[in-house]
Amino acid sequence: MTHQINWGFPQALEDEAIYILRETAAQFEKPVLLFSGGKDSITLVRLAQKAFYPGKVPFPLLHVDTGHNFPETIEFRDWLVNTLGLDLIVRNVQDSINQGKVQEETGKYASRNALQTVTLLDAIEEGKFDACIGGARRDEEKARAKERIFSVRDEFGQWNAKMQRPELFDILNGKINIGENVRVFPISNWTELDVWNYIRREKLEIPSIYFAHEREIIERDGLYWPYSSYLNTTADEVPFRQKVRFRTVGDMTCTAAVLSEADKLEDIIAEIMEAKISERGARIDDKRSEAAMEKRKQAGYF
Amino acid sequence: MEVLRIATSGSVDDGKSTLIGRLLYDTNSIPQDKMEALHAASKRKGLDFTDLSLLTDGLVAEREQGITIDVAHIYFSTPTRKYIIADTPGHIEYTRNMVTGASNAQVSLILIDARKGIVEQTHRHFFIANLLRIPHLVVCVNKMDLVEYSEARFNQIVEDFQQLLASASFKAQQVKFIPISSLYGENVATRNGTINWYNGPTLLDYLEQIAFDHEDSRHPARFPIQSVIRPRTTEYHDFRGFAGKVASGHFNVGDEIISLPSGQKSRIKTIEQFETQLPSAHARESVVITLEDEIDSSRGNMLVKTDSVPEQRKEVTANVCWMDQQKLVAGKTYLLQHGVNRVKAKVQQINFVVDVTSNQHIEGKNDMGLNDIGSITLKTAQPIFADIYAENPANGSFILIDEFNNTTVGVGTLI
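Since the structure is predicted, the reported quantities are computational estimates derived from the model, not experimental observations.

1. Overview of unusual backbone geometry
Point 1. Cis peptide bonds are those with omega within 30 degrees of zero, and the linkage from Y53 of chain A to P54 of chain A qualifies with 5°.
Point 2. Secondary-structure assignment places P54 of chain A in the loop between α2 (39–52) and β2 (61–65).
Point 3. Each neighbour pair has its own omega, and for L260 of chain B with P261 of chain B the value is 10°, a cis peptide bond.
Point 4. The residue P261 of chain B is located in the loop between β11 (256–260) and β12 (264–273) in this model.
Point 5. Backbone geometry places F274 of chain B, a non-glycine residue, at a positive phi of 55°.
Point 6. With respect to the helices, strands and loops of the structure, F274 of chain B is situated in the loop between β12 and β13 (276–278).

Okay, structure coming up:
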């Protein structure tokens, strides 16, 4: 009997991610998996399941709930956690607002995206988490392209791009000082298409908003925004119904929809292969400035 | 589809980021919104052309200064293969980041500015690519447009480079020279006919046909144990599996193994990958191995086959690239991490430091500074089971960690 060696995708990327997850569990006292309910964190959960099987996933999931999530995402999150028997910790941005630690943005473009950093850092401190596993990929954005697999953050959660540790071969150094934590990115080397191919191969369930469906939207700055009570609209922005889907899942106030008829995974994959616009082209939070992501990362954003 | 990993290197301003931008542009890998952002950013900078380097210089400090500080990982694919490019800095100050990018590469791409020829950083980058035994080296002589596409100039640089090759320790490295102009896209992914004396492949054509070697699968079998999986559930009450990634070689069910350092022997009962049972596991595969006997093995131990047991070492001699502001000092203790195993190690002596420009060994030094490359001898507190890097890179490299600030300060390859 010979076993077919698969050097390429997706097996090689899965092997690498599992190795990273096992290193994280072994090198840290209290790791946590940052879960948003999007396709990347769903992929991470699957990889974590595989890394420790037949044992259980040795760390909890942490969701920083801005309160402006798509209801479908929250529903999916709870279903996934129950089905797989995972531990879930939820922290709410609303609590940080109530505590006076952050201030709600105002105006047409108000979003809670930036506010969640404070809630996240509080949750990390409170839970004494020393490793936060995230589903960020280097192909997403040019500041993310600079990220190490084990990326050290100081006690304020800050990323210092100029002082990153060398990372050699596949040797991972997770030694940190008290108060610091490491952000761990097991799927750094995956692309958007790799994630979708993996979801297909593993037959993973994903929130319904990834598939084409009819919903109320408004058009603003050439993008289709999901209409909700969280969105501050002007008088001339009238919602209308349209068949759309979402390529990336963030808050309802910062994630734009794309016109699409793709209601099956095959169609989504075909659509992405043809796409002329990048994945984060529909992320309104990235459009604030050329360095939007880097600035958020310096402040401790995931 | 296989993934080809490339690391770029070269000196400051020789156009690495532009080359990568060009490669992406000509393979239609830049989405429309990113292209528009590039146009706008170039305009804001007062440039009358679209600066493709802005695509990879992801940090504010990089765009401000027009230099690359840290490695950016760039992804693109062709119908033939997937590529990961580590765009690494050229500045000597950031050599450690260059080594970071190069350590996982199968192809080292060295850029040379056609006007300047070989400079000190070329020596350094070639030395590192050779030291790490990166199988393929592509020397791109860039900015040919600024030397009137001169064949004589190109030939001169090739000739100069041959002298470097002559002094190399890793002779099996495949080397290719290509004259290019990143700015105008000549010989990057396409030809526009300005270099009509060159009959070889474009850079992309060359990369597309590089054959994968998978050498690590032919090396001796090494399985470093990352952790022990013991579910203790009703269903898996007696399950005891060793989780890890095969570093090199391959293991089959039924193979007789030795666990190091204990020396206990057993046989492989199962090789598991999630819910699937595999007959064998090859280099780079993450699996769980169960054994027929209850032997005492834990994280940091290594399973090997009885027919190829690595030497037990308490003293190692290695080539080291030092990557920290604080000097490496003879007599000081560091943590040596070999794979997933960490032991204390004391620097016995610095054998020599290499002058990378002349390839001369400078002896009698008591310390090594940032970006120095040299040979040192270390004594370890517990034995390690490493191979010579040249014989098995996956089990022949290590990092040194500073015990006080926890940072990775050096990288070593066993000699």
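2. Topic: the UniProt feature "domain: Tr-type G" (unreviewed entry) in chain B
Point 1. Following the UniProt record, the feature "domain: Tr-type G" (unreviewed entry) maps to residues 1–218 of chain B here.
Point 2. Secondary structure content for residues 1–218 of chain B is 33% helix and 18% strand, while the C-alpha to C-alpha distance between its ends is 21 Å.

3. Let's talk about the UniProt feature "domain: Phosphoadenosine phosphosulphate reductase" (unreviewed entry) in chain A
Point 1. Mapped onto this numbering, the UniProt entry annotates "domain: Phosphoadenosine phosphosulphate reductase" (unreviewed entry) at residues 31–256 of chain A.
Point 2. Within the segment residues 31–256 of chain A, helix and strand shares are 25% and 19% respectively, and the terminal C-alpha atoms sit 32 Å apart.

4. Side note on the interface of chain A and chain B
Point 1. Tallying the contact residues gives 59 residues for chain A and 79 residues for chain B.
Point 2. Between chain A and chain B the total buried area reaches about 6,100 Å² when both faces are included, carbon and sulfur atoms providing 54% of it.
Point 3. Residue D170 of chain A is joined to K245 of chain B by a salt bridge in which the shortest nitrogen-to-oxygen separation is 2.8 Å.
Point 4. On inspection of chain A and its partner chain B, the count reaches 30 residue pairs in polar contact (both at pLDDT 80 or more).
Point 5. Listed by contribution, the elements that provide at least two residues to the side of chain A that touches chain B are α1 (11–27) and α2 of chain A.
Point 6. Here the side of chain A that touches chain B takes nine residues from α1 of chain A, the largest share from any one element.
Point 7. Its residues placed into classes, the side of chain A that touches chain B shows 23 nonpolar, 15 polar and 21 charged.

5. A few points about the sheet that holds strand β9 (residues 240–245) of chain A
All names here are of chain A.
Point 1. One open sheet accounts for four strands, arranged β8-β7-β9-β10; its pairing is antiparallel. The open sheet has two edge strands with one neighbour each: β8 (223–226) and β10 (258–259).
Point 2. Pairing of strand β7 (residues 213–220) with β8 involves four bridges; the strand directions are antiparallel. Bridge assignment links I217 to a residue of β8, and that residue is P226.

6. Looking at the environment of P310 of chain B
All names here are of chain B.
Point 1. Along the chain, P310 turns up in the loop between β16 (302–305) and β17 (313–322).
Point 2. By relative accessible area, P310 is classed as buried at 6%.
Point 3. Sequence separation of P310 and D113 is 197 residues, and the distance between their C-alpha atoms is 44 Å.
Point 4. Beyond its immediate chain neighbours, meaning those up to four positions away, P310 contacts R222, L260, V304, F385, A386 and D387.

7. Details of the packing of aromatic side chains
Point 1. This structure, assessed with the given rule, holds 17 aromatic pairs over all chains.
Point 2. Seen in terms of ring centroids, F76 of chain B and Y83 of chain B are 4.8 Å apart; in terms of plane orientation they differ by 10°. Their pairing is stacked.
Point 3. F76 of chain B gets classed as buried once you look at its relative accessible area, which sits at 4%.
Point 4. Here the aromatic rings of F161 of chain B and F177 of chain B are separated by 5.6 Å at their centres, their planes lie at 80°, and the arrangement is edge-to-face. Of this pair, F161 of chain B sits in helix α6 (residues 151–166) while F177 of chain B sits in strand β6 (residues 174–179), and the two are 16 residues apart along the sequence. One exposure class covers both F161 of chain B and F177 of chain B, and it is buried.
Point 5. An aromatic cluster is built from Y53 of chain A together with Y236, F239 and F274 of chain B, whose rings are joined through pairwise contacts.
Point 6. Taking the ring centre of Y109 of chain A as reference, the NZ or CZ of R220 of chain A above it sits at 5.2 Å.
Point 7. Lying across the ring of W225 of chain A, R220 of chain A places its NZ or CZ 4.5 Å from the centre.

8. A look at empty space enclosed by the protein
Point 1. On inspection of all chains with the given rule, the structure shows six cavities of 30 Å³ or more.
Point 2. If you add up the space inside the second largest cavity, you get close to 90 Å³.
Point 3. Residue lining of the second largest cavity: E14, I18, R22, K50, Y53 and P54 of chain A together with E272, Q273, F274, S286, V287 and V288 of chain B, and that is the complete set.
Point 4. Mapped onto the lining of the second largest cavity, the elements with two or more residues apiece are α1 of chain A together with β12 and β15 (286–291) of chain B.
Point 5. Among the residues making up the lining of the second largest cavity, the classes are represented as six nonpolar, two polar and four charged.

9. Overview of the pattern of salt bridges
Point 1. Under the counting rule described, the total for this entry stands at 41 salt bridges over all chains.
Point 2. Between D70 of chain B and R148 of chain A there is a salt bridge, with its nearest N and O atoms 3.1 Å apart. With one member in each of two chains, D70 of chain B in the loop between α3 (60–65) and β2 (72–77) and R148 of chain A in the loop between β4 (131–133) and β5 (150–153) form a pair that bridges those chains. Judged on exposure class, the residue D70 of chain B and its partner R148 of chain A are both buried.
Point 3. Between D213 of chain B and R218 of chain B there is a salt bridge; the shortest N-O distance is 2.8 Å.

10. Thoughts on the pairing of β17 of chain B
Residues and elements named next belong to chain B.
Point 1. The buried count for β17 comes to seven of 10 residues, which makes it a mostly enclosed element.
Point 2. Pairing geometry for β17 and strand β25 (residues 408–414), over five bridges, is antiparallel. Pairing of A318 across the sheet is with L414, part of β25.

11. Description of the pairing of strand β1 (residues 3–10) of chain B
Residue and element names in this part refer to chain B.
Point 1. Of all eight residues in β1, seven are buried, a share of seventy percent or more.
Point 2. The pairing of β1 with strand β3 (residues 82–87) spans six bridges and is classified as parallel. Counted as the bridge partner of A7 is A86 from β3.
Point 3. Summarising the sheet, β1 and strand β4 (residues 107–113) pair through five bridges and their orientation is parallel.

Thresholds applied
- Residues numbered from 1 in each chain as written.
- Chains lettered and ligands numbered in written order.
- Predicted model: local features only at pLDDT ≥ 70, side-chain atom pairs only at ≥ 80, totals over all residues.
- Heavy atoms only, no water.
- Helix = DSSP H or I, 4+ residues; strand = E, 2+ residues; numbered from the N terminus.
- UniProt positions renumbered as here; feature names shortened; annotations may be inferred.
- Contact = heavy atoms within 4.5 Å.
- Buried area = accessible area lost by both parts, 1.4 Å probe.
- Salt bridge = Lys/Arg side-chain N within 4 Å of Asp/Glu carboxyl O.
- Polar contact = N/O pair within 3.5 Å; in protein donor to acceptor, adjacent residues only side chain to side chain.
- Nonpolar A, V, L, I, M, F, W, Y, C, P; charged D, E, K, R; others polar.
- Pairing = 2+ DSSP bridges.
- Buried < 20%, exposed > 50% of the residue type's maximum accessible area, 1.4 Å probe, protein only.
- Phe/Tyr/Trp six-rings, centres within 6.5 Å; stacked < 30°, edge-to-face > 60°.
- Lys NZ or Arg CZ within 6 Å of the ring centre and 35° of its normal.
- 1 Å grid on protein atoms, 1.4 Å probe; cavity = no way out; pocket = protein on both sides within 12 Å on 5 of 7 lines; lining within 4 Å.
- Points joined across faces, edges and corners; volume = space filled by probe spheres on them.

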